[in-house]
Amino acid sequence: MLSTTLRMLRAHRSVFTGSFVALALGVALLTVTGSALAASLSAAPDRAPAASVVVQARDTLAVPTPAGVRTARLAHPRPIPPATVAELRALGPVRIDGRPRPSHVLRLETDADPAAVRRIVGGTARVLTGDARRLGDPARERDREALTALHALFGTAGGVTAFVSVFVVASTFAFAVTQRRREFALLRTAGATPGQIRRGVLTEALAVGVLASATGCALGAWAAPRLVARAVEEDLAPAWFTLGTHTWPYHAAFWTGLLVALAGAAAASWRAGRIAPAEALREASADTGGLTRGRLLCGAALLLASVVTLALALGTDPGDLLHRKTYVSRPMLLVSAAALLSPLLLRPLTRLLTALPGVSALLVRESTASAGRRSAALAAPVLVTVALAGCLLGTSATLNRAGADEARARTTAAFVVLPGGRAGFDEATLRRLRQVPGTVVAPSSATAVHVLEDGVALIRSEARATAPGALAATSRLPLTAGSVSALDDDSIIVNEEWQRHRVGDRVTVWLGDGTRRTLRIAAVMPTGTGDHGIHVTPRNAPGAPVDRVDVALARGADAGAVSTALHRAAGTDRVLTREAWLRETRPGTDRTTRLGLLLVLGLALLYTGISVANTTAMAASGRLRDLTVLRLAGATRWQVLKVTGAESLTVVAAGALLGLLVTAVHLAGLWGALALLSAPPAVALPWRALGVTVTACAALAVASALIPAAAALRRRPADLAGVRE
């Protein structure tokens with residue numbers, strides 16, 4: 001069996017080249033992403049300071065619950081008291097962030113006796129010694145956030161790689177079975193049983209999988225160190241981030257490659273085993289492209305699952321549809337269903353696209369109709385690529401537009417003043433800003449509050465602290481209940497995302513410095529896109545510096561005169577108009593997420609090129625007789641090439657339309673979620689990205705079709721007529 005399989009692989013090199021390349025690249029990418037994930041899970045290097053004792057301000061909130069202690073990082077840690085710092089200086093030299101006499105001390109180092117340090121500090125701060133000194137590393141939290149972003153980036157890339165690899169391998173083997181029907185028919189006539197045919201196809205897939213997986217692991221071992229080095233250079237990973245000696249990523253990638261190869265060939269092997277000798281010999285050259293019962297059932301099941309899960313999400317937790325992890329993974333279900341059911345729509349779509357007068361349109365229409373499997377194999381990767389581009393980039397653009405519309409609706413201030421190069425405003429600057437005539441000034445601070453939900457979950461919510469009267473004058477909060485004027489030092493404005501959000505109820509919260517308070521709910525905002533933060537008064541934001549000043553115009557005030565006065569009062573601080581501030585703070589995709597989306601789309605486009613080129617190469621020998629008939633009928637070489645290119649463009653256009661249909665359905669679900677969350681339900685389509693994607697797919701398909709056709713047409717029609725299939 002093995003020798004027969006190897007001979008089959010050599011005889012059908014063009015058939016298996018695409019699967020081999022796709023699997024090798026997929027395994028290489030899985031090896032790289034797995035190695036990077038394994039390295040990111042390793043412990044950070046020992047970066048304990050040289051000093052024997054570290055005194056760290058208490059920057060962590062600890063709340064006991066029935067399920068254990070829940071912790072969270074404080075927005076405004078309480079500084080080490082100045083008296084404590086003075087007493088520690090009396091014990092010996094201290095180092096404070098390289099500054100000799102800071103006024104706000106959060107961390108210091110000393111070589112004094114640990115027992116004496118603990119006696120002085122008491123419960124005002126943490127005293128770290130030995131290995132615990134690493135906990136005082138100021139870069140520790142930043143490194144953790146960078147590694148979390150890397151997990152999302154590499155995990156998404158690995159998942160998309162496996163997803164698209166299955167599509168390429170499955171379509172390749174399905175089309176290969178169609179191309180080799182005469183061969184399987186002869187084997188059945190010679191006495192081969194259906195089981196032997198199936199085992200033969202699976203053995204071929206196993207051989208391709210072993211060779212491709214081994215090649216991919218070797219490529220991954222070469223590429224992984226270079227990718228990690230590039231991630232460090234681009235500040236996507238901490239400077240200490242390096243590859244370890246883990247071997248499990250290679251095992252995982254290798255066996256995943258084998259599994260993908262066998263899974264992709266399973267349906268094709270079953271179809272090959274069902275070929276009857278007489279029927280196959282009679283219809284060996286036919287390609288009806290009909291939808292098999294198994295494919296129809298799987299596609300319908302996936303479509304039903306996609307619709308049901310979307311309905312459940314809209315009915316129970318529409319906010320979950322706005323999370324990145326959800327909108328990256330959810331389209332996969334709908335894309336899979338569309339790809340499986342695409343033969344149902346391909347024929348009517350191609351007929352619609354070729355409903356033009358003329359012989360060329362007739363030839364393209366009949367050629368695509370008579371080569372259903374070839375058309376489906378070409379359209380499927382285009383569908384996947386266009387759908388992924390539309391769903392991922394469209395979701396990101398839609399959420400950004402909705403967030404921008406929310407900010408525009410709730411901002412009524414004519415000017416916004418921001419500190420120039422400082423953490424916050426000083427009292428002198430705030431006093432000058434308040435003295436500007438014809439204005440209502442609203443200084444505010446960024447802070448955070450924590451709430452315990454279900455008795456075990458400690459939830460952090462970003463908040464802003466503003467005086468109630470000034471808040472009402474400079475903003476228009478979208479309230480569902482209550483009023484802004486009811487906000488005072490004993491109350492809080494929450495949103496519907498909180499478990500308790502009824503006006504008048506009292507809720508226990510922990511403020512930005514860890515202070516526990518019980519506040520009354522004064523008003524409730526809708527959930528929106530998640531940017532409707534909590535609002536408190538400055539008294540409930542201890543330690544939070546004023547980092548923004550909203551300025552509204554009094555009745556009859558001149559905007560030009562106010563602008564001049566604000567610039568004079570602000571000095572080196574920045575004074576922005578409302579429109580300029582909205583443009584500067586417009587929601588956007590962060591750098592890591594943007595790189596992740598581009599990586600996903602790049603992988604999809606790469607696999608599209610592999611699949612299109614491989615399918616075209618497999619079909620080249622079968623199309624030779626069609627080209628010969630056209631030439632013998634009197635068509636010129638240019639006319640034949642024009643028909644060939646038009647056929648490829650038609651199939652790409654049909655696949656792109658199906659991808660746009662998937663995008664429309666996905667964004668319709670997102671539109672419904674935004675409407676349920678009382679957010680502006682504006683849908684944004686990434687037309688430029690979609691245009692580039694479709695153009696790239698069309699160029700790949702046309703080039704892959706025209707190059708072998710042009711090479712074949714160099715021979716005389718009489719010579720082509722004598723070539724065997």
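Parameters and conventions
Residues numbered from 1 in each chain as written. Predicted model: local features only at pLDDT ≥ 70, side-chain atom pairs only at ≥ 80, totals over all residues. Heavy atoms only, no water. Helix = DSSP H or I, 4+ residues; strand = E, 2+ residues; numbered from the N terminus. Buried < 20%, exposed > 50% of the residue type's maximum accessible area, 1.4 Å probe, protein only. Contact = heavy atoms within 4.5 Å. Areas by Shrake-Rupley, 256 points an atom, 1.4 Å probe, with all protein chains shown as cover. Polar contact = N/O pair within 3.5 Å; in protein donor to acceptor, adjacent residues only side chain to side chain. Expected span 1.5 Å × (residues − 1). Salt bridge = Lys/Arg side-chain N within 4 Å of Asp/Glu carboxyl O. Pairing = 2+ DSSP bridges. Core = buried A, V, L, I, M, F, W, Y, C linked by side-chain atoms within 4.5 Å. Axes fitted to C-alpha atoms, helices over the stretch in contact; angles between N-to-C directions. Parallel < 35°, antiparallel > 145°, perpendicular 65-115°, else oblique. Left-handed = near helix turned anticlockwise from the far one by under 90°. Nonpolar A, V, L, I, M, F, W, Y, C, P; charged D, E, K, R; others polar.

K.L.:
Just checking my understanding: could you explain the overall build of the protein chain for this structure?
P.N.:
A count of helical and extended segments in the protein chain gives 21 helices and 16 strands. Looking at the protein chain as a whole, 49% of its 725 residues are labelled buried. Taking contacts inside the protein chain between residues at least 6 apart in sequence as the whole, the part at least 24 apart equals 80%. Per element, the accessible surface of the protein chain, about 33500 Å² overall, is 61% carbon and sulfur.

K.L.:
I'm lost on the side chain of Thr-429 in this one. Help?
P.N.:
Within the secondary structure, Thr-429 sits in helix H14 (residues 427-434). Judged by relative accessible area, which is 3%, Thr-429 ranks as buried. A distance of 2.7 Å separates the side chain of Thr-429 from the side chain of Asp-426, its partner in a polar contact.

K.L.:
Is there a simple way to explain helix H19 (residues 637-676) in this structure?
P.N.:
Helical geometry note: an α-helix holds 3.6 residues per turn, so side chains three or four residues apart project in the same direction. For H19, spanning 40 residues, the distance from its first C-alpha to its last is 59 Å, which sits close to the expected 58 Å at 1.5 Å a residue. A positive phi of about 60° marks Ser-678, the residue just after H19.

K.L.:
It is not clear to me how the pattern of salt bridges should be interpreted in this structure. Could you clarify?
P.N.:
Think of it this way: side chains of opposite charge can pair up when their charged atoms draw near. Inspection of every chain in the model, using the stated rule, returns 17 salt bridges. A salt bridge links Asp-111 to Arg-95, with the nearest nitrogen and oxygen atoms 3.9 Å apart. Note that Asp-111 is positioned in the loop between strand S5 (107-110) and helix H4 (114-121) and Arg-95 in strand S4 (residues 94-95), a separation of 16 residues in sequence. Measuring nitrogen to oxygen at the nearest pair gives 2.9 Å for the salt bridge that ties Arg-408 to Glu-579. Pair noted here: Arg-408 is in helix H13 (residues 372-410) and Glu-579 is in helix H17 (residues 578-584), with a separation of 171 residues, a long-range link. Bridged by salt links that share partners, the residues Arg-95, Arg-107, Glu-109 and Asp-111 form one connected network.

K.L.:
Before we go on, may I ask you to explain the sheet that holds S5 in this structure?
P.N.:
Across a sheet, strands are paired by hydrogen bonds formed along the backbone, either parallel or antiparallel in direction. Read across the open sheet, the four strands follow the order S4-S5-S1-S6; overall the sheet is antiparallel. Strands at the two margins of the open sheet, each flanked by one partner only, are S4 and strand S6 (125-129). As paired elements, S4 and S5 share two bridges and run antiparallel to each other. When the sheet's bridge partners are listed, Val-94 is paired in S5 with Thr-110.

K.L.:
Honestly, the environment of Gly-155 in this entry has me stumped. Any pointers?
P.N.:
Position of Gly-155 among the secondary structure elements: in helix H5 (residues 140-179). Judged by relative accessible area, Gly-155 falls into the partly exposed class, the value being 35%. Sequence-wise, Gly-155 and Leu-30 are 125 residues apart; in three dimensions their C-alpha atoms are separated by 9.3 Å.

K.L.:
Is there a simple way to explain the nonpolar core in this structure?
P.N.:
As a rule of thumb, soluble globular proteins bury nonpolar side chains together. In terms of nonpolar packing, the biggest core is built from 54 residues, with Val-164, Leu-322, Val-335 and Val-662 touching the most fellow members. Top element by residues in this core is H13. It accounts for 15 residues. In this structure, Leu-322 is in contact with Tyr-327, Leu-399, Gly-528, Thr-529, Leu-670, Ala-673, Leu-674 and Leu-677, ignoring residues within four places of it in sequence. Counting 19 residues, the second largest nonpolar core, distinct from the first, contains Phe-173, Ile-197, Val-208 and Val-260.

K.L.:
Help me out: how do you make sense of the packing of helix H12 (residues 359-370) against H19 in this one?
P.N.:
Between H12 and H19, the shortest axis-to-axis distance is 9 Å and the interhelical angle comes to 55°. With respect to H19, the axis of H12 lies oblique. The chirality of how H12 crosses H19 is right-handed. Here Ser-360, Leu-363, Val-364, Ser-367 and Thr-368 of H12 lie close against H19, whose contacting residues are Lys-642, Val-643, Ala-646, Glu-647, Thr-650 and Val-651. For the contact of H12 with H19, the per-class residue count stands at five nonpolar, four polar and two charged.

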